[in-house]
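Now for the letters of each chain:
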There are 4 protein chains.
Amino acid sequence: MRQWHDECGVFGAWQDPEAGRMTYLGLYAQQHRGQESAGIVSLHQGQHLSHKGSGLVGDVFSESHLDHLKGSAAIGHVRYSTTGLNEQTNIQPLMAQLFNGPVALAHNGNIVNSHVLRAQLKEQGAIFQGTNDTECLLHLLAKHPSNDIIRCLRETVPQLKGAFSLLLLTHDRLVAIRDPLGFRPLVLGTRPLEGGGVSYVVASETCAFDLIGAKFVREIEPGEIFWLDKDGEHSEGIAFDSSLTESSSSSVSEPIPASVSPPAVAESVTASSAASSLRVSGSPRTKTAKCVFEHVYFARPDSNVFGLSVYESRKAMGRQLAIESGVEADMVIPVPDSGVPAAIGYSAESGLPFELGIIRNHYIGRTFIQPSQSIRSFGVKIKLNPQSHVIRGKRVVVIDDSLVRGTTSQKIIRLIRQAGAKEVHFRIASPPTTGPCFYGVDTPKKSQLIAAQQSTEDIRRFIDADSLCYLSISGMLQAIGASQDEYCAACFDGRYPTELFGLDQEDSN
Amino acid sequence: MRQWHDECGVFGAWQDPEAGRMTYLGLYAQQHRGQESAGIVSLHQGQHLSHKGSGLVGDVFSESHLDHLKGSAAIGHVRYSTTGLNEQTNIQPLMAQLFNGPVALAHNGNIVNSHVLRAQLKEQGAIFQGTNDTECLLHLLAKHPSNDIIRCLRETVPQLKGAFSLLLLTHDRLVAIRDPLGFRPLVLGTRPLEGGGVSYVVASETCAFDLIGAKFVREIEPGEIFWLDKDGEHSEGIAFDSSLTESSSSSVSEPIPASVSPPAVAESVTASSAASSLRVSGSPRTKTAKCVFEHVYFARPDSNVFGLSVYESRKAMGRQLAIESGVEADMVIPVPDSGVPAAIGYSAESGLPFELGIIRNHYIGRTFIQPSQSIRSFGVKIKLNPQSHVIRGKRVVVIDDSLVRGTTSQKIIRLIRQAGAKEVHFRIASPPTTGPCFYGVDTPKKSQLIAAQQSTEDIRRFIDADSLCYLSISGMLQAIGASQDEYCAACFDGRYPTELFGLDQEDSN
Amino acid sequence: MRQWHDECGVFGAWQDPEAGRMTYLGLYAQQHRGQESAGIVSLHQGQHLSHKGSGLVGDVFSESHLDHLKGSAAIGHVRYSTTGLNEQTNIQPLMAQLFNGPVALAHNGNIVNSHVLRAQLKEQGAIFQGTNDTECLLHLLAKHPSNDIIRCLRETVPQLKGAFSLLLLTHDRLVAIRDPLGFRPLVLGTRPLEGGGVSYVVASETCAFDLIGAKFVREIEPGEIFWLDKDGEHSEGIAFDSSLTESSSSSVSEPIPASVSPPAVAESVTASSAASSLRVSGSPRTKTAKCVFEHVYFARPDSNVFGLSVYESRKAMGRQLAIESGVEADMVIPVPDSGVPAAIGYSAESGLPFELGIIRNHYIGRTFIQPSQSIRSFGVKIKLNPQSHVIRGKRVVVIDDSLVRGTTSQKIIRLIRQAGAKEVHFRIASPPTTGPCFYGVDTPKKSQLIAAQQSTEDIRRFIDADSLCYLSISGMLQAIGASQDEYCAACFDGRYPTELFGLDQEDSN
Amino acid sequence: MRQWHDECGVFGAWQDPEAGRMTYLGLYAQQHRGQESAGIVSLHQGQHLSHKGSGLVGDVFSESHLDHLKGSAAIGHVRYSTTGLNEQTNIQPLMAQLFNGPVALAHNGNIVNSHVLRAQLKEQGAIFQGTNDTECLLHLLAKHPSNDIIRCLRETVPQLKGAFSLLLLTHDRLVAIRDPLGFRPLVLGTRPLEGGGVSYVVASETCAFDLIGAKFVREIEPGEIFWLDKDGEHSEGIAFDSSLTESSSSSVSEPIPASVSPPAVAESVTASSAASSLRVSGSPRTKTAKCVFEHVYFARPDSNVFGLSVYESRKAMGRQLAIESGVEADMVIPVPDSGVPAAIGYSAESGLPFELGIIRNHYIGRTFIQPSQSIRSFGVKIKLNPQSHVIRGKRVVVIDDSLVRGTTSQKIIRLIRQAGAKEVHFRIASPPTTGPCFYGVDTPKKSQLIAAQQSTEDIRRFIDADSLCYLSISGMLQAIGASQDEYCAACFDGRYPTELFGLDQEDSN
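The structure displayed is predicted, hence computed values, not measured ones.

A. How the structure looks around the pairing of strand S10 (residues 198-203) of chain B. All names here are of chain B. Summarising burial for S10: five of the six residues are buried, a large majority. As judged from the four bridges shared by strand S1 (residues 8-14) and S10, these two strands associate in the antiparallel manner. Paired with phenylalanine 11 across the two strands is alanine 203, which belongs to S10. The pairing of strand S9 (residues 187-192) with S10 spans six bridges and is antiparallel. When the bridges of S10 are listed, valine 187 appears paired with alanine 203. Adjacent in sequence and paired antiparallel, S9 and S10 are bridged by five residues, among which glycine 196 carries a positive phi angle near 100°.

B. Main features of the sheet that holds strand S2 (residues 37-44) of chain C. Residues and elements named next belong to chain C. Reading across the sheet, the seven strands line up as S3-S2-S4-S1-S10-S9-S11 and stay open at both edges, with antiparallel pairing between neighbours. Here the strands that pair on one side only, and so sit at the sheet edges, are strand S3 (47-54) and strand S11 (215-219). Pairs of neighbouring strands in the sheet enclose a mean axial angle of 15°, with direction left out of account. By the bridge criterion, four bridges tie strand S9 (residues 187-192) to S11 in an arrangement that is antiparallel. For threonine 190, the partnering residue across the bridge sits in S11 and is lysine 215.

C. How the structure looks around the interface of chain C and chain D. Taken residue by residue, the interface counts 61 residues in chain C and 60 residues in chain D. When the two sides are added together, the surface that chain C and chain D hide from each other amounts to roughly 5,200 Å², 55% of it contributed by carbon and sulfur. One can count two salt bridges joining chain C with chain D. The shortest N-O distance in the salt bridge between glutamate 355 of chain C and lysine 315 of chain D comes to 2.5 Å. In this assembly, chain C and chain D are joined by twelve residue pairs in polar contact (both at pLDDT 80 or more). Looking at the side of chain C that touches chain D, the elements that each hand over two or more residues are helix H1 (19-29), helix H2 (57-60), helix H3 (63-68), helix H7 (207-212), helix H10 (310-325), helix H11 (340-350), helix H12 (378-381) and helix H13 (388-391) of chain C. With five residues, H1 of chain C is the single largest residue contributor to the side of chain C that touches chain D. Class assignment of the residues belonging to the side of chain C that touches chain D gives a composition of 26 nonpolar, 20 polar and 15 charged.

D. Structural view of the sheet that holds strand S21 (residues 423-428) of chain C. All names here are of chain C. Read across the sheet, four strands follow the order S17-S20-S21-S22 without closing on themselves; strand pairing throughout is parallel. Where the open sheet ends on each side, the last strands, each with one partner, are strand S17 (331-334) and strand S22 (467-470). Between one strand axis and the next, the sheet turns through 25° on average, direction left out of account. Pairing geometry for strand S20 (residues 395-400) and S21, over six bridges, is parallel.

E. Fine view of the packing of aromatic side chains. Under the criterion given, the structure shown has 42 aromatic pairs over all chains. Judged by centre distance (6.3 Å) and plane angle (50°), the ring pair of phenylalanine 293 of chain C and tyrosine 297 of chain C falls under tilted. Taken together, the residues span about one helical turn, with phenylalanine 293 of chain C and tyrosine 297 of chain C both in helix H9 (residues 293-298) at a distance of four residues. By relative accessible area, which is 1% here, tyrosine 297 of chain C ends up buried. Ring pairs connect the aromatic residues Phe183, Phe438, Tyr439 and Tyr496 of chain A, which therefore count as one cluster.

F. Just the environment of lysine 290 of chain A, in detail. All names here are of chain A. Looking at where lysine 290 falls in the secondary structure, it is placed in strand S14 (residues 290-291). When its relative accessible area of 13% is taken as the criterion, lysine 290 is described as buried. If we ignore the near neighbours within four places in the chain, the residues touching lysine 290 are Arg178, Leu181, Gly182, Phe183, Phe306, Glu486, Tyr487 and Cys488.

G. The relation of the copies chain C and chain D, seen in detail. With an RMSD of 0.1 Å, the operation that places chain C on chain D is a rotation of 180° combined with a shift of 0.0 Å along the axis. Taken together, these values place the two copies in the relation of a two-fold axis. Taking C-alpha positions as reference, the residue of chain C nearest the rotation axis is histidine 362 of chain C, located at 3.7 Å. The residues that chain C uses at the interface reappear at the interface of chain D in 98% of cases, marking a shared surface.

H. Region of interest: the packing of helix H10 (residues 310-325) of chain D against helix H11 (residues 340-350) of chain D. All names here are of chain D. Closest axis-to-axis distance for the H10/H11 pair is 7 Å, and the angle between their directions is 45°. As the angle between them shows, H10 and H11 are arranged oblique. The crossing of H10 and H11 is right-handed. For the pair H10 and H11, contact is made by Tyr311, Arg314, Lys315, Gly318, Arg319, Leu321, Ala322, Ile323 and Ser325 and by Pro341, Ala342, Ile344, Gly345, Tyr346, Ala348, Glu349 and Ser350, respectively. Residues belonging to the contact of H10 with H11 are distributed by class as follows: nine nonpolar, four polar and four charged.

I. How the structure looks around the interface of chain A and chain D. Chain A puts 21 residues into the contact, and the matching count from chain D is 21 residues. There are zero salt bridges connecting chain A and chain D. At the surface where chain A touches chain D, the tally comes to zero residue pairs in polar contact (both at pLDDT 80 or more). Every element with two or more residues in the side of chain A that touches chain D is listed here: strand S3 (47-54), strand S5 (94-98) and helix H5 (135-143) of chain A. Considering every element that reaches the side of chain A that touches chain D, the biggest residue donor is H5 of chain A, with five residues. Per-class residue counts for the side of chain A that touches chain D are nine nonpolar, nine polar and three charged.

J. Structural view of the state of the cysteines. This model, assessed by the stated rule, comprises zero disulfides over all chains. Unpaired in this structure, cysteine 207 of chain C has its nearest cysteine sulfur neighbour in cysteine 8 of chain C, at a distance of 15 Å.

K. Representation of the pattern of salt bridges within the structure. Taken as a whole and judged by the stated rule, the model has 104 salt bridges over all chains. Note that glutamate 236 of chain D is salt-bridged to arginine 154 of chain D, the shortest N-O span being 2.7 Å. You can see glutamate 236 of chain D sitting in strand S13 (residues 232-237) and its partner arginine 154 of chain D sitting in helix H6 (residues 149-156), a full 82 residues away along the chain. Grouping residues by exposure puts glutamate 236 of chain D and arginine 154 of chain D together as buried. Through salt bridges that share partners, Arg33, Arg184, Glu205 and Glu294 of chain A make up one connected network.

L. Fine view of unusual backbone geometry. A cis geometry characterises the amide bond from proline 336 of chain B onward to aspartate 337 of chain B, with omega recorded as -10°. Along the polypeptide, aspartate 337 of chain B turns up in the loop between strand S17 (331-334) and helix H11 (340-350). For the bond from glutamine 92 of chain D to proline 93 of chain D, the omega torsion is 0°, close enough to zero to count as cis. By secondary structure assignment, the location of proline 93 of chain D is in the loop between strand S4 (73-79) and strand S5 (94-98). Its identity as a non-glycine residue notwithstanding, aspartate 464 of chain A has a phi of 65°, on the positive side. Positionally, aspartate 464 of chain A belongs in the loop between helix H16 (456-463) and strand S22 (467-470).

M. Up close: helix H4 (residues 114-123) of chain C. Residues and elements named next belong to chain C. Among all positions of H4, only Ser114, Leu117, Arg118 and Leu121 are buried. Looking straight down H4, one finds that the buried residues subtend no more than 100° of arc, so they occupy a single side. Packed against the buried residues of H4 are strand S6 (101-111) and helix H5 (135-143). Positioned one or two residues after H4, glycine 125 has a phi angle of 100°, which is positive.

N. Region of the structure containing the packing of helix H5 (residues 135-143) of chain D against H6 of chain D. All names here are of chain D. At a minimum axis distance of 10 Å, the contact between H5 and H6 shows a crossing angle of 120°. By the angle between their directions, the pair H5 and H6 is classed as oblique. You can see that H5 and H6 cross each other, and the crossing is right-handed. Along its contact with H5, which presents Leu137, Leu140 and Leu141, the element H6 presents Cys152, Leu153 and Thr156.

Each value, and the rule that gives it
Residues numbered from 1 in each chain as written. Chains lettered and ligands numbered in written order. Predicted model: local features only at pLDDT ≥ 70, side-chain atom pairs only at ≥ 80, totals over all residues. Heavy atoms only, no water. Buried < 20%, exposed > 50% of the residue type's maximum accessible area, 1.4 Å probe, protein only. Helix = DSSP H or I, 4+ residues; strand = E, 2+ residues; numbered from the N terminus. Pairing = 2+ DSSP bridges. Axes fitted to C-alpha atoms, helices over the stretch in contact; angles between N-to-C directions. Contact = heavy atoms within 4.5 Å. Buried area = accessible area lost by both parts, 1.4 Å probe. Salt bridge = Lys/Arg side-chain N within 4 Å of Asp/Glu carboxyl O. Polar contact = N/O pair within 3.5 Å; in protein donor to acceptor, adjacent residues only side chain to side chain. Nonpolar A, V, L, I, M, F, W, Y, C, P; charged D, E, K, R; others polar. Phe/Tyr/Trp six-rings, centres within 6.5 Å; stacked < 30°, edge-to-face > 60°. Least-squares fit on C-alpha atoms with pLDDT ≥ 70 in both. Parallel < 35°, antiparallel > 145°, perpendicular 65-115°, else oblique. Left-handed = near helix turned anticlockwise from the far one by under 90°. Disulfide = S-S within 2.5 Å. Arc of directions from axis to C-beta.

Spelled out as structure tokens, the structure:
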């Protein structure tokens with residue numbers, strides 16, 4: 001059940017006669033990645049036009065806003081933001097006047113050394129408008145003596161540590177950058193135009209391409225800087241320091257050889273084969289840190305993330321869960337909607353029938369007024385309704401994607417028992433969550449992660465399940481055919497792939 | 001896939017310290033029955049307080065509106081309305097000053113002779129505020145010489161022909177009435193109060209009870225008039241004319257014997273056993289006309305309607321469909337969300353794996369702005385995204401609840417084929433829809449019902465399926481264990497259980 | 001200073017290609033007559049289109065609303081309403097389906113026997129939607145056996161007692177009616193059209209004509225029924241009972257001779273000469289009861305009401321006030337804005353200089369948030385700011401249009417004294433208000449009218465003025481050149497020109 | 001008539017338990033100085049809380065916004081802004097994190113060398129969020145090495161050229177600064193508190209003090225930096241370069257002696273005597289450049305600006321106008337509301353009667369929808385309605401405060417003639433406007449100022465007046481008892497008191 005706040009989603013369009021509207025649709029499709037604010041900046045006659053606001057994409061933008069967002073290039077952003085003062089200034093894309101022209105910036109991820117950079121920049125007289133980590137890059141660029149934005153990026157981006165899938169729009173370029181460890185996804189596609197030819201589109205997830213009829217071409221590679229201008233597409237590797245997990249705020253200043261050959265973008269490349277076509281020269285990377293939680297929970301099930309179907313990944317985790325922790329029971333029921341794919345996998349592997357034992361009310365999600373008097377477990381009941389005629393007297397295996405604080409699981413199980421279930425076997429299609437994320441996911445503090453504080457047996461007793469099992473870490477990786485060198489699973493195993501610059505001392509918030 | 005406009009939902013609360021808020025929640029849970037407008041009328045110190053508006057329940061009511069709706073009794077209504085002029089006046093509950101006091105009225109169903117009654121009443125000087133069928137009853141009551149509302153209802157309700165599940169709130173009573181054939185559901189429950197004791201609640205569907213922690217007691221019976229006042233609960237049968245399918249606008253005037261004993265409402269009665277506990281004296285009914293479409297599509301799957309679990313009914317129809325029209329294939333995929341229960345049943349019966357081959361975007365449903373240029377099948381794509389990694393190269397059985405015009409099915413199949421399916425076998429978990437509904441469901445005209453115009457083979461060719469099969473009428477009834485004397489299936493078999501007063505000549509709109 | 005709630009304003013347009021927009025503008029110009037709600041009904045292809053809402057005209061109507069109000073005829077209404085339940089249903093124009101067609105009704109005034117008529121009608125089964133007096137007429141029309149609306153009006157309007165300037169729009173006519181005593185103004189004009197020809201316009205005040213470039217033609221006469229249809233204009237006198245001040249709810253049923261010749265509407269008629277051109281045959285009236293308060297306070301100063309300039313009337317009252325109650329002083333200052341014309345007259349007559357000693361803040365009028373701590377006289381100060389550099393050490397004559405409760409005057413005088421005035425002589429340009437109005441003005445109850453309870457000397461002491469004088473009743477009438485047989489001055493002299501049907505016993509609220 | 005866009009207004013409160021609400025009220029009273037946006041920043045426990053928005057003060061702030069603006073200090077701003085992209089970021093007070101704490105800044109005026117400063121700052125890597133001139137100061141402060149804000153201001157403010165009345169709020173101080181020539185007003189007052197003691201308030205105009213019951217103490221002097229902190233009030237003169245009209249962007253770096261003694265703030269000081277009590281040591285200034293247009297048009301008539309009553313100033317200008325340009329006529333009528341005080345003066349001097357010959361519709365000012373067809377002079381008519389019964393056949397002197405483009409005057413005269421005036425003598429209570437303002441007033445470009453292009457006789461013919469006269473420059477100054485060394489009248493005489501940094505070449509926009 002959704003209890004993680006999503007991070008962010010980005011979208012960009014280039015040489016598209018409907019760049020603004022395509023970006024709107026691209027954000028709409030990625031709404032699950034950020035529901036607190038949305039913004040679009042378009043490029044029209046060398047100037048930036050923008051509209052941003054708090055709320056869902058469909059609420060922030062009206063027809064007239066989209067009419068206003070003229071031009072054939074645009075970038076957009078959806079965001080989950082921590083509430084706070086002056087949050088208006090934090091809505092992305094961020095905008096500034098630089099290099100004698102406008103620059104807009106959309107970021108998915110988290111820069112772990114931003115507080116260090118902010119302190120340095122403020123000492124040098126920089127004024128920060130917002131409180132987000134992304135603004136650092138704008139100031140680094142502003143201070144750079146060159147007027148060539150690609151050179152600036154090449155020399156300043158290595159100062160950023162952590163997770164960043166970035167889109168920049170200038171007066172003549174759309175730039176996409178992915179951090180060297182590739183924490184967050186970033187994909188490239190093309191959209192066939194009515195009059196022939198294609199436009200370029202970039203997104204966090206492939207589901208954005210599906211909506212607008214675009215084709216997936218390939219991932220933006222970890223450590224790649226990719227840009228589009230009037231001459232077409234270009235790509236380089238960024239020279240990050242070799243020891244990626246070590247602390248260093250000094251930038252690598254030696255220029256990158258410009259001989260990098262841009263990847264061939266072939267329209268006919270299919271989704272399954274395109275992902276591996278690019279190896280950026282100069283960055284023979286042996287280790288990446290793709291976020292495994294994109295597969296566990298974040299990404300939309302119909303997206304293809306890091307080259308894998310999210311739906312199939314979840315089903316495979318459910319299958320593996322059944323192998324690891326099978327139990328005698330009458331049926332498998334998912335906690336909707338996030339537990340559904342894993343439950344299908346569990347059912348297929350175990351042979352137990354799959355049942356919608358809990359119905360979700362899909363009208364929830366906007367303002368909702370509570371009753372004055374307490375109705376027990378009302379907060380869960382407004383979203384989920386267990387069906388007594390299905391589960392009465394039955395032994396049920398309940399599948400959820402993850403278990404964070406345990407309080408929601410406790411309430412769900414109480415409702416299931418009230419509906420008459422004889423036994424409740426709770427199965428989590430991911431390992432115990434024992435650490436916060438510092439790479440762009442809004443997790444609770446360590447002290448609020450129940451698995452960081454209690455044993456599985458204690459948790460089982462707390463949620464009042466007849467049995468409780470998690471998926472093993474190795475089982476999770478095996479399900480998606482991955483090695484630990486490829487994925488970041490720090491929230492499960494505590495192995496953070498970068499220095500944390502003291503963030504772990506204060507605990508994430 | 002949802003292509004039927006829902007009809008209406010009603011809710012009432014009596015002797016409940018939070019009557020207004022409970023009604024709000026009851027409407028919220030029944031939002032699927034009407035999304036165009038919502039209204040609540042509460043009873044406070046002998047006066048009616050109200051708030052009504054266009055839109056979803058969560059949008060129409062704010063905290064301050066609910067604070068305004070004081071009192072320990074209330075009724076509410078959600079509605080799908082045909083768009084039109086002055087629709088504000090059609091939002092229910094309707095309100096009027098009658099019998100030296102206020103009367104509010106909420107109606108689910110359709111009165112088929114309302115045009116006849118309206119003409120008569122207008123001739124007598126009645127002023128109609130709105131264009132809906134419900135207002136007739138208010139005028140019939142207003143003209144009645146008695147000041148006793150139960151007597152008035154007893155003598156005027158028989159003039160109404162068609163489908164009506166009604167709630168009335170006066171200055172001292174909450175009245176629930178169901179037409180003699182029982183087209184639409186209407187259920188009674190009790191809600192345990194914090195300080196002890198229970199309040200009474202009435203709703204269209206039991207899912208409203210689940211949300212507020214109320215217990216289902218029994219159905220309001222076809223032909224029953226049930227009311228709550230300071231002395232508790234009361235019930236009578238209404239003397240409708242004996243030949244229910246014949247035309248007659250003359251009211252039955254002979255008084256009903258008052259010796260009807262009210263049904264015992266026992267809190268301990270369970271959902272499964274309570275439904276049949278009441279037989280209203282004076283109405284030994286052998287025939288009813290419960291709407292089978294409530295089971296096929298309308299009601300929420302977690303509701304219990306006409307004594308049956310909707311989810312189980314749909315699963316059973318899916319099973320029966322597999323028995324009748326099995327086909328060799330690789331997987332079963334539902335058209336989400338309405339096809340899911342039937343697909344689970346089909347999968348269980350056929351042994352074919354159940355897969356979420358089509359993902360639904362749940363952020364849809366509010367304002368959405370179209371792209372300027374055409375994106376092929378955009379209207380379907382914004383809601384549904386077939387997953388090529390799941391269905392590529394596969395023979396898929398696609399399950400939908402019903403097929404109305406065929407155009408949406410055509411688009412879905414096109415998307416599935418584009419996603420790479422090798423064969424598409426379309427299966428409809430209900431019979432061919434050949435006639436419009438005149439009993440409260442907003443169906444297309446007969447001329448727009450593809451099954452009324454074309455053969456199944458023609459339809460198969462139109463939607464471009466490799467095979468197309470419907471559930472048989474007998475199979476549908478068998479799945480829910482019902483006889484034709486119990487259910488109205490007129491939209492499938494053309495056997496309308498009442499006179500239609502010429503409505504069938506103009507076709508439904 | 002504005003402390004009377006205004007009553008209502010009406011506007012109608014016929015054969016005007018922009019009927020909806022002209023009505024919008026006509027209401028806008030008459031906004032001072034009602035600021036709580038506004039509505040317009042237009043006639044398009046035999047059907048009524050409408051939009052109504054709470055608030056100011058500029059807020060209720062958007063561009064798209066006006067686009068919706070198609071057609072070449074329309075009527076509109078602005079209204080001050082007593083707050084209450086279900087007020088939505090009271091927003092005028094009221095609408096109903098009658099005579100096989102739509103009827104819309106806009107009313108300025110008050111029907112004093114409406115509670116009597118309502119009781120009778122309810123007994124006969126009529127359902128009232130709202131709580132206003134106007135709805136009675138719709139029910140009287142609905143019950144009338146004829147299908148000819150003019151005949152219906154002819155025979156039902158005489159049942160109405162009190163004040164009514166009415167506009168009705170049917171599917172083929174615009175009807176204007178004024179009660180036999182002519183309490184409220186109602187004027188006819190023509191608007192030159194771009195392509196040549198004129199359209200007809202009807203309004204409460206001539207200021208509405210000025211805005212849209214229309215010419216005043218004449219008043220609708222007391223007791224006249226005037227209508228426009230495809231054949232042009234028509235007029236009749238209505239046969240009211242001879243003894244107008246007597247109670248009678250029986251309608252006069254003998255038909256009116258149809259030989260009434262319609263008045264010639266000549267475009268060249270000028271404002272000053274047109275008013276007296278009509279004498280409706282059959283109604284040789286010797287007595288009218290025009291509301292003198294329209295001149296004292298209600299009407300806009302730039303309107304021409306009952307044949308007189310409102311601004312000149314007020315100036316003349318100010319002059320008369322100086323004659324009656326001159327005092328030695330240094331300057332005359334108005335309470336803005338309503339006291340300005342009388343102060344100009346007073347200054348001219350007395351020779352004392354006119355000074356803006358109190359400045360009004362014109363941004364007031366919408367939502368305004370109070371300080372938490374008390375600021376003395378804040379409520380007045382937010383609107384009015386006395387200027388100490390103007391009045392310090394001076395003897396000032398302060399002119400206000402009327403004095404109702406005395407509390408506002410008390411606060412104004414306190415502020416003037418704080419600003420340093422040496423003497424404050426308060427002069428009221430109307431007589432003491434001693435009785436409530438039952439003819440369409442929302443006055444306080446008698447118990448709250450200070451002049452009904454206390455002597456002038458007591459009031460002077462209460463408001464802390466050095467002297468206080470009112471205009472005499474005879475002086476007021478003399479100033480506007482009128483006799484008591486022509487005007488209703490009941491709020492000053494207690495001589496109510498109709499029976500009150502018990503309203504005076506309960507006191508107005 | 002209002003045709004100048006206003007500039008800005010500021011307000012601040014210190015040690016006031018209702019600082020946020022007082023600032024709201026202070027802005028409300030100064031709404032005429034800026035109607036496009038409003039903002040308030042309050043200081044609560046060392047942090048800044050803020051709310052800003054587009055629109056009128058009453059619309060931007062709700063009760064809950066004011067509840068949010070906790071703390072005992074606040075500053076606010078109302079603004080007229082040129083429309084443009086990203087205007088949200090230009091709404092003041094501007095906010096930034098500086099000196100390890102928050103700084104908020106509200107500015108009335110215009111910094112004429114801001115484009116020079118911006119260019120320098122951007123070269124050094126500063127990122128500008130908005131397009132306004134005020135942001136420069138934040139960046140100058142940010143770059144300053146000191147952590148002492150007063151020292152920073154002392155050393156950076158001299159770099160600013162032009163007009164600036166500034167309020168700054170830090171985490172522990174409220175600072176008020178006025179440019180050395182004192183273009184814009186800035187006044188200090190005290191507000192008596194309920195429990196005893198006073199709070200400090202600062203405003204652009206004294207009318208803000210009147211509303212909240214505060215007393216005017218004195219003007220912030222030209223060249224003064226005044227601040228409030230926990231130790232009370234402090235004041236210094238700022239060392240601007242000696243030759244104030246010469247160009248110099250180098251800052252004066254020698255420190256100001258800190259021995260400046262703060263002015264005694266005596267509560268008993270009256271408005272008339274307080275203004276001259278302060279002479280800041282170190283700044284024996286012989287020349288100021290107070291904006292004469294504050295008296296001609298900008299300030300509210302009930303304000304005291306630069307030590308003079310605005311109302312009395314305008315009346316005196318009207319008197320002087322009658323002396324200079326008397327004409328035989330029947331009456332004097334103002335163009336409301338701005339021409340009223342001058343018309344009163346003209347009437348008093350000339351002996352001609354003062355008449356409200358034109359009535360203003362005060363409901364204008366919000367959204368208003370135009371008719372589709374053209375109504376002649378509609379734009380003026382919606383605001384102003386000449387009264388034919390007053391002016392028909394009369395020779396009228398029409399008084400307006402200024403004449404900018406001439407087009408509005410032309411329309412007003414046309415309406416007056418249509419209303420029947422025999423002669424129209426147009427009198428302007430200020431000299432011909434021949435140059436744009438670069439000091440904070442949004443004037444048209446020189447090419448659009450009719451008096452910069454045409455002779456008075458040509459203008460007379462254009463507006464179709466029988467005669468046209470302006471007030472002379474010397475007459476204007478004489479009326480307010482001022483010398484040219486004291487006031488800036490550049491818009492009339494072209495003598496700009498500072499270098500313009502090329503602004504005059506591009507013309508103002």
